[in-house]
Amino acid sequence: MPYTRPYNNLYPDANGVYPDNDASVGENPLSIRDRAINNQKINRFIQGFNVNFRLINKENTSLSLKVNGGLDYQSGFAFIYLPTDLQSQRAEANPGFAQDTRTEVYNSNIQVAAVFTQLAMGGKLNLTTSAGAVRLHRDFRYNYTRGRNLPVGVQNPSRGGVQQLGTEYQLNTDVGIFAQQEANYDDKIIGTVGIRFDKSTLNGDNFNKFYAFPKASLALNLTRFGDWATKSGIISQLKPRIAYGATAGLPNWGTPYSQLDITGIGGLSGLQPLTTLGNPQIKPERATELEYGLDLGLFNNRVTAEFTLYNKKVVDLIQPLNFAPTTGLVSTNINAADLVNKGLELTIGAEVIRSRNVTWFVQPIFWYNRSEITRLTIPERLTGGFGATFGQWRVKEGYSPTQIVGQPRILPTTDPNYASSWTVYGDQQPKYELSLNQRITFFKNFEFSALLHYRNRFTVVSLQRVLFDEGGNTSDWNGTTETGNDGKQPNGIYRQNVNGLDESGKPKPGYNPSVASFLKLREVSLYYRVPKAVLNSAFRNVVQGIRVGVSGTNLLRWTDYKAGYDPENSNFGSLALGSGVDIGSAPLARRMMFHVAIDL
């Protein structure tokens, strides 16, 4: 699309034949749209269950056995077909392409826990002890048949002159054992301590080794100490709290193993090792988080606030270690880095209006996060994107792992640090984020809600404008007023091959990443609840409630992003590093939905 001239007539003629696009483009997008096939179908079944056994039930003590679990079965079918006579296929050595892909994923979990509760100190102390085990299981099966050099009109990939088959099976199981003690003294002091031991077949070396993950929390409800809060008439809740916890990040499936690939020599089939070396000593990543904050309520909790600071440390981050080409190997994964995340979250809620016919609740939320790599035992590296010309993520000790750098280098070639002296364009993480949630109830039965989301100053690796500039199709291609342009050449030419920062430290418009902000209407809805009297009259107590409404997501957007359509676009999904790449992929879907809910 970026290279297709808008004045070219690409519609089919009277015989249904689509004209070829320019040879430099290589394909007619309307022919692809109308004649190619790209279908995907997913069937999914989700089921859960809970069973509770009350073994002891006395006035001050109780013992329960709880069993819960679930299963999630998903089968997927995908089919891609490119007819043999498409313009792009005629240029191939084996024109005509089809692929049939089948996927099955089965996830199951079961947890068994014993819960013992006891009241002590005349009922003021509530103790809850729990212990149990949990098992998670995943079975993944994937296979495809790919065919090239298809006869005209044939869509079956197995009829292709050149065929390729692929099959993959993944099976893993996680097992955990946990114990926890909770104590609540007169709702004044609330504390919890616990520990969990986990093992997984995804871990290397010893699959039966358990890793320990402790946790603890403490909260003080200061308004319960004396009657000072009641006398004040203002403070209804004041609760400082602190919590600590540890968890694991498991290796990807297959990381401990050196896998084999099929090969053929002299007409005989065989196996050969892949160039990625398995690491049987791989360990899970380990994250520990210390969180502390304050919960505040004013005027009988008509105004509430939550303030939280956190410090999260992740050790033994799994990173790729690259080998010298002479070894015959490319890389292996090792535990090579540590990371620190620090951030703040602030939530304020208030009932601005509370009357008989109208209530208006407003809840702004502010948060930010800062990251730093504190240890790295491999050489610094760039990852993600399409090379340093357009911007990549730098993994380097002492810096944010989401920092985006690129050309040009800022040191002279004679400097020993020249190779790593990249220009810093910004960070994928925003400076801060802010959301505003509003809920208005009016005329008793109507409810309106809206959620606004603002993201401030984050960096995007954007190639959309670059591609349209190269194709001569940007809306301002012929203009000469682009920032930094001397007015002597069109913007579409000036922006090509431009790198670096301007005098104010902002990325120049061109091949560089972009720094952007946006405000989006994430969600909006309007519901009407049918009055109870109307239901009783119409359905004679058979129907307990009817709620109808309409809702929308991502309906409106305001942004200063000029290098593409939506700065939140991500061509590579939600990867930890490398997800913020915009090459003109489809933006977040705008949806309008109508709802009817009936309670019987």
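Small disclaimer: the values here were computed from a predicted structure and weren't measured. (Residues numbered from 1 in each chain as written. Predicted model: local features only at pLDDT ≥ 70, side-chain atom pairs only at ≥ 80, totals over all residues. Heavy atoms only, no water.)

Enquirer: Just checking my understanding: could you explain the overall build of the protein for this structure?
Expert: What the protein contains, in helices and strands, is six helices and 25 strands. The principal-axis extent of the C-alpha atoms belonging to the protein is close to 85 × 70 × 60 Å. Out of the 600 residues in the protein, the part that is buried amounts to 35%. Carbon and sulfur atoms form 55% of the exposed surface of the protein, whose accessible area is close to 34100 Å². Positive and negative side-chain charges of the protein, numbering 60 and 50 respectively, have mean locations separated by a distance of 7 Å. (Helix = DSSP H or I, 4+ residues; strand = E, 2+ residues; numbered from the N terminus. Buried < 20%, exposed > 50% of the residue type's maximum accessible area, 1.4 Å probe, protein only. Areas by Shrake-Rupley, 256 points an atom, 1.4 Å probe, with all protein chains shown as cover. Lys, Arg positive; Asp, Glu negative; His and termini not counted. Charge placed at Lys NZ, Arg CZ, Asp CG, Glu CD.)

Enquirer: Is there a simple way to explain the pattern of salt bridges in this structure?
Expert: On inspection of all chains with the given rule, the structure shows 27 salt bridges. One salt bridge connects Asp-20 with Arg-90, and the closest N-O pair in it is separated by 2.6 Å. Here Asp-20, found in the segment before α1 (29–35), pairs with Arg-90, found in helix α2 (residues 87–90); they are 70 residues apart in sequence, far enough to count as distant. Taking relative accessible area as the criterion, Asp-20 reaches 43% and is therefore assigned partly exposed. When the shortest N-O distance is used, the salt bridge between Lys-520 and Asp-566 registers 2.9 Å. With Lys-520 in strand β22 (residues 514–529) and Asp-566 in the loop between β23 (545–559) and β24 (581–582), the pair connects residues that are 46 residues apart, well separated along the chain. Looking at Lys-520, the relative accessible area reads 3%, which means it is buried. According to the relative accessible area criterion, Asp-566 is buried, its value standing at 3%. (Salt bridge = Lys/Arg side-chain N within 4 Å of Asp/Glu carboxyl O.)

Enquirer: Got a minute to help me understand the side chain of Asn-335 in this structure?
Expert: Relative to the elements of secondary structure, Asn-335 occurs in strand β14 (residues 331–354). Separated by 2.9 Å, the side chain of Asn-335 and the backbone oxygen of Lys-283 make a polar contact. Setting aside anything within four residues of it in sequence, one finds Asn-335 in contact with Gln-281, Ile-282, Lys-283, Pro-284, Asp-316, Leu-317, Ile-318 and Arg-375. (Polar contact = N/O pair within 3.5 Å; in protein donor to acceptor, adjacent residues only side chain to side chain. Contact = heavy atoms within 4.5 Å.)

Enquirer: I keep staring at the packing of aromatic side chains and nothing clicks. Help me out?
Expert: Geometrically, a pair of aromatic rings is defined through the distance of the ring centres and the angle of the planes. Taken as a whole and judged by the stated rule, the model has twelve aromatic pairs. Measuring from ring centre to ring centre gives 5.9 Å for Phe-386 and Phe-572, while their planes differ by 45°; the resulting arrangement is tilted. In this pair, Phe-386 sits in the loop between β16 (381–383) and β17 (392–395) while Phe-572 sits in the loop between β23 and β24, placing the two residues 186 residues apart along the sequence. With 5.7 Å between their ring centres and 75° between their planes, Phe-442 and Phe-443 make a pair best called edge-to-face. An aromatic cluster is present here, built from Phe-366, Tyr-368, Tyr-432 and Tyr-454 joined pairwise through their rings. The aromatic ring of Phe-458 is capped on one face by Arg-455, whose charged end is 5.3 Å from the ring centroid. Cation over ring: Lys-520 sits above Phe-518, and NZ or CZ is 4.9 Å from the ring centre. (Phe/Tyr/Trp six-rings, centres within 6.5 Å; stacked < 30°, edge-to-face > 60°. Lys NZ or Arg CZ within 6 Å of the ring centre and 35° of its normal.)

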